[in-house]
Amino acid sequence: MGELSPFNNSKFRLGNGFLEVVDETLSFAEWEEFGKGLVLIHNLSPLWIGDWLCEGDRRWGEMYAQAEAITGLSVDTLSHYKYVASSVPKENRIVGLKLSHYRAVAKMPVGEQKEVLEDAAKDKLTVAELKLKIAVETKLLACGYCGKPAELLRFMRLCMPCIDYLKRNPNG
């Protein structure tokens, strides 16, 4: 993942619970780019917290009580973030996806995650569509749209009509 270049913009000031424009020469393109950066942070912050927890665990052992006090997040939420972060290596993460996308691939072999996540990003799959695709590919179901066995679909990408059909007809 790259650096967060939208936050090198001196026309905004972020404070404790607020954002304000500090330079009225702000262009629409700068405003738009900063907004994209805010969404990126919103989507990535659970993974960052999970990575932070993994590092605390690596250095000092389980740190949930301290992390709960620091973040105000529940131990359940923290353990969820840590599980996903520890299950999906940094090199498999794709910009633009949400924590739920990573959760959907967390149990998959690490070597298969990146391709699935890249396809999810490229095809703009919702989490539900990604889960359905994984279920069809890993549970050896027959595709309800074209009838091909799932072992063949594992190496081919499901088309959106197949996914749509399977959503409407979950039993194929």
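Reading the values: the criteria
- Residues numbered from 1 in each chain as written.
- Predicted model: local features only at pLDDT ≥ 70, side-chain atom pairs only at ≥ 80, totals over all residues.
- Heavy atoms only, no water.
- Helix = DSSP H or I, 4+ residues; strand = E, 2+ residues; numbered from the N terminus.
- Buried < 20%, exposed > 50% of the residue type's maximum accessible area, 1.4 Å probe, protein only.
- Phe/Tyr/Trp six-rings, centres within 6.5 Å; stacked < 30°, edge-to-face > 60°.
- Polar contact = N/O pair within 3.5 Å; in protein donor to acceptor, adjacent residues only side chain to side chain.
- Salt bridge = Lys/Arg side-chain N within 4 Å of Asp/Glu carboxyl O.

**Q** I'd like to hear about the environment of Glu91, residue by residue, with values.
**A** One can find Glu91 in the loop between helix H3 (75–87) and helix H4 (99–105). The sequence separation of Glu91 and Lys114 amounts to 23 residues, and the corresponding C-alpha distance is 7.9 Å.

**Q** Summarise the environment of Lys167; cite the residues concerned and give the values.
**A** For Lys167, the location among the structural elements is in helix H8 (residues 160–168). Take Lys167: its relative accessible area is 45%, and that puts it in the partly exposed class.

**Q** Quick one: what's the story with the packing of aromatic side chains, residue by residue and with numbers?
**A** Applying the stated criterion to the full structure yields two aromatic pairs. With a centroid separation of 3.9 Å and an interplanar angle of 15 degrees, the aromatic rings of Phe12 and Phe34 are classed as stacked. In this pair, Phe12 sits in strand E1 (residues 12–15) while Phe34 sits in helix H1 (residues 28–60), placing the two residues 22 residues apart along the sequence. Measuring from ring centre to ring centre gives 5.5 Å for Phe28 and Trp31, while their planes differ by 35 degrees; the resulting arrangement is tilted. Pair noted here: Phe28 and Trp31 are both in helix H1, with a separation of three residues, about one helical turn. In this structure Phe28 comes out as exposed when scored by relative accessible area, which is 58%.

**Q** Help me get a handle on the side chain of Arg93, residues and values and all.
**A** Locating Arg93 in the fold gives a position in the loop between H3 and H4. Overall, the relative accessible area of 8% leaves Arg93 in the buried class. One polar contact links the side chain of Arg93 to the main-chain carbonyl oxygen of Ala85, over a distance of 3.0 Å.

**Q** Could you give an account of the pattern of salt bridges, naming the residues involved and the relevant values?
**A** The full count for this structure, using the stated rule, is eight salt bridges. Between Arg58 and Glu55 there is a salt bridge; the shortest N-O distance is 2.6 Å. Here Glu55 and Arg58 lie together in helix H1, a separation of three residues that amounts to about one turn. Looking at Arg58, the relative accessible area reads 59%, which means it is exposed. For Glu55, a relative accessible area of 29% puts it in the partly exposed group. For the salt bridge of Asp57 with Lys82, the shortest nitrogen-to-oxygen distance reads 2.7 Å. Here Asp57, found in helix H1, pairs with Lys82, found in helix H3; they are 25 residues apart in sequence, far enough to count as distant. Since its relative accessible area comes to 30%, Asp57 is described here as partly exposed. What you see here is one network of salt bridges that share partners, running through Glu55, Arg58 and Arg59.

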